[in-house]
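Below are the chains, spelled out letter by letter.
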Amino acid sequence: MSLARLAALLADPTRAAFCTALLDGRAWTAGELARHAGVAPSTASEHLSRLIGGGLLAEERQGRHRYVRLAGPEVATLIEDLSSFTPPAGTPGGPPAAGPPAPRSLRESTRLSAEARARTCYDHLAGRLGVTVGDAVLARGLVTEEDGPTLTALGRAWLTELGAELPPRAGRAGARPVVRTCLDWTERRNHLGGAFGALLCRTALDRSWVERIGSGRALRVTPDGERALRELLGVEPLPA
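Residues numbered from 1 in each chain as written. Predicted model: local features only at pLDDT ≥ 70, side-chain atom pairs only at ≥ 80, totals over all residues. Heavy atoms only, no water.

Student: Help me out: how do you make sense of the overall build of the protein chain in this one?
Tutor: Helix and strand counts for the protein chain come out as ten helices and eleven strands. In the protein chain, 54% of the contacts between residues at least 6 apart in sequence involve partners at least 24 apart. Approximately 12700 Å² of the protein chain is accessible, and the part contributed by carbon and sulfur atoms is 54%. (Helix = DSSP H or I, 4+ residues; strand = E, 2+ residues; numbered from the N terminus. Contact = heavy atoms within 4.5 Å. Areas by Shrake-Rupley, 256 points an atom, 1.4 Å probe, with all protein chains shown as cover.)

Here it is as structure tokens:
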């Protein structure tokens, strides 16, 4: 796909809203996305067809239901990276110096605050939680950035002790990298993606260290999660 065509696909606010919602890593129905973006089902269907045709979304059908998801982690990385280029408040082309546009409702304000604290970025941890975990992993020598982000021997041993296993093909040619840094659009600092970041997120969810808040991307660290993060990585409870 040409750069111009890709830019055109994501330039539409409705299509951009669909892609951002799908960063939660799950499949959504066309109706759910239509309600999320506040558009008619027929409008949503037209936009989804364009995103599928452009290779950004993948489609699954179950009976009468049409489900869509991001086409893969590389698309999620693209969407999150583009989000990080949103001009900060007070810069030319960005929101006014007083800050970003005010949330339209208390519900939206609560959601945005929760997502900034802890959320999923497709299939890895993001927000303040993701950045904090990434810092702890680096500080403990589980990952090094000396020659690009790399999982160290100490990090592999740590995963073995944790009882977590990377996909066999991780890091091989044509496969997902073991570790990748991802610029967090709310914190403006890196969190960890790649197969390692996905494994940490999946382990945290499977072991109920974090739990989803409602049906969106926001996460909540559970009491068990606070203990696990403190014991495994020296991470204290996140500030509010």
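Student: Teacher, can you tell me more about the pairing of strand S9 (residues 190–193) here?
Tutor: Taken together, the four bridges between strand S8 (residues 180–183) and S9 define a ladder with antiparallel strand orientation. Bridged to Arg-180 within S9 is Gly-193. Hairpin connection from S8 to S9: six residues lie between these consecutive antiparallel strands, with Arg-188 at a positive phi of about 60 degrees. (Pairing = 2+ DSSP bridges.)

Student: What is the right way to look at the sheet that holds strand S3 (residues 65–70) in this model?
Tutor: Remark on secondary structure: sheet strands pair via backbone hydrogen bonds, oriented parallel or antiparallel. Here we have three strands laid out as an open sheet, ordered S1-S3-S2, and antiparallel in their pairing. Lying at the two open borders of the sheet, with one neighbouring strand each, are strand S1 (28–29) and strand S2 (57–62).

Student: Would you mind showing me how to read helix H3 (residues 30–37) here?
Tutor: Each full turn of the α-helix corresponds to 3.6 residues, which orients residues three or four apart in the same direction. Looking only at H3, the buried set comprises Ala-30, Leu-33 and Ala-34. Summarising the axial view, the buried residues of H3 lie within an arc of 105 degrees, below the 170-degree limit, and thus occupy one face. Contacts made by the buried residues of H3 are with helix H2 (13–21), S1, helix H4 (41–53) and S3. The first or second residue beyond H3 is Gly-38, which carries a positive phi of 70 degrees. (Buried < 20%, exposed > 50% of the residue type's maximum accessible area, 1.4 Å probe, protein only. Arc of directions from axis to C-beta.)

Student: So what exactly am I meant to see when it comes to the packing of H2 against H3 here?
Tutor: The angle between the axes and the distance between the axes are what describe a pair of packed helices. Following both chains from N to C, one finds H2 and H3 inclined at 115 degrees, their axes separated by 10 Å at the closest point. The interaxial crossing formed by H2 with H3 has right-handed handedness. Facing Thr-14, Ala-17, Phe-18 and Ala-21 of H2, the residues of H3 in contact are Leu-33, Ala-34, His-36 and Ala-37. Here the contact of H2 with H3 is built from residues that sort into six nonpolar, two polar and no charged. (Axes fitted to C-alpha atoms, helices over the stretch in contact; angles between N-to-C directions. Left-handed = near helix turned anticlockwise from the far one by under 90°. Nonpolar A, V, L, I, M, F, W, Y, C, P; charged D, E, K, R; others polar.)

Student: I'm lost on the confidence of the model for the protein chain in this one. Help?
Tutor: In low-pLDDT regions, the fine details of the predicted coordinates are not to be read closely. Here the protein chain averages 85 in pLDDT, and 88% of its residues register 70 or above. Across the protein chain, helix H8 (residues 153–162) holds the top mean pLDDT of 96, while helix H6 (residues 106–117) sits lowest at 78. Here residues 88–101 is modelled with pLDDT under 50, and outside its nearest four sequence neighbours on either side it reaches 17 contacts, counting other chains as well. (pLDDT = per-residue confidence, 0-100.)

Student: Help me understand the state of the cysteines, please; the structure alone is not making it clear to me.
Tutor: A disulfide bridge is the covalent bond that connects two cysteines by way of their sulfur atoms. Following the criterion strictly, the structure yields zero disulfides and no others. Free of any disulfide, Cys-182 has its nearest cysteine sulfur in Cys-121, 4.1 Å distant. Judged by relative accessible area, Cys-182 falls into the buried class, the value being 1%. With no disulfide partner, Cys-201 has as its closest neighbouring cysteine sulfur the one in Cys-121, 9.6 Å distant. Under the relative-accessibility criterion, Cys-201 is labelled buried at 2%. (Disulfide = S-S within 2.5 Å.)

Student: Explain the side chain of Arg-15 here, please?
Tutor: Position of Arg-15 among the secondary structure elements: in helix H2. The buried charged residue Arg-15 lacks any salt bridge, with Asp-12 as its nearest oppositely charged partner at 4.3 Å. One polar contact links the side chain of Arg-15 to the main-chain carbonyl oxygen of Ala-8, over a distance of 3.1 Å. (Lys, Arg positive; Asp, Glu negative; His and termini not counted. Salt bridge = Lys/Arg side-chain N within 4 Å of Asp/Glu carboxyl O. Polar contact = N/O pair within 3.5 Å; in protein donor to acceptor, adjacent residues only side chain to side chain.)

Student: What is the right way to read helix H10 (residues 223–233) from this model?
Tutor: For H10, the set of buried residues is Gly-225, Ala-228, Leu-229 and Leu-233. Down the axis of H10, the buried set is contained in an arc of 95 degrees. They therefore lie on one face. Those residues of H10 that are exposed and angled more than 90 degrees off the buried face are Pro-223 and Glu-231. Looking at the buried side of H10, the elements it contacts are helix H7 (127–139), H8 and strand S11 (219–221). Positive phi shows up at Gly-234, right after H10, with a value of about 70 degrees.

Student: I would appreciate a short explanation of the environment of Asp-24 in the present structure.
Tutor: Along the polypeptide, Asp-24 turns up in the loop between H2 and S1. Separated by 192 residues in the primary sequence, Asp-24 and Gly-216 have C-alpha atoms spaced 6.7 Å apart. Excluding anything up to four places from it in sequence, Asp-24 contacts Thr-120, Tyr-122, Arg-212, Ser-215, Gly-216 and Arg-217.

Student: Before we go on, may I ask you to explain the packing of H2 against H4 in this structure?
Tutor: Contact geometry of H2 with H4 gives a least axis separation of 10 Å together with a crossing angle of 70 degrees. Relative to H4, the element H2 is oriented roughly perpendicular. In this structure, H2 contributes Thr-14, Arg-15, Phe-18 and Cys-19 to the contact, and H4 contributes Ala-44, His-47, Leu-48, Arg-50 and Leu-51. Looking at side-chain class alone, the contact of H2 with H4 contains five nonpolar, two polar and two charged residues. (Parallel < 35°, antiparallel > 145°, perpendicular 65-115°, else oblique.)

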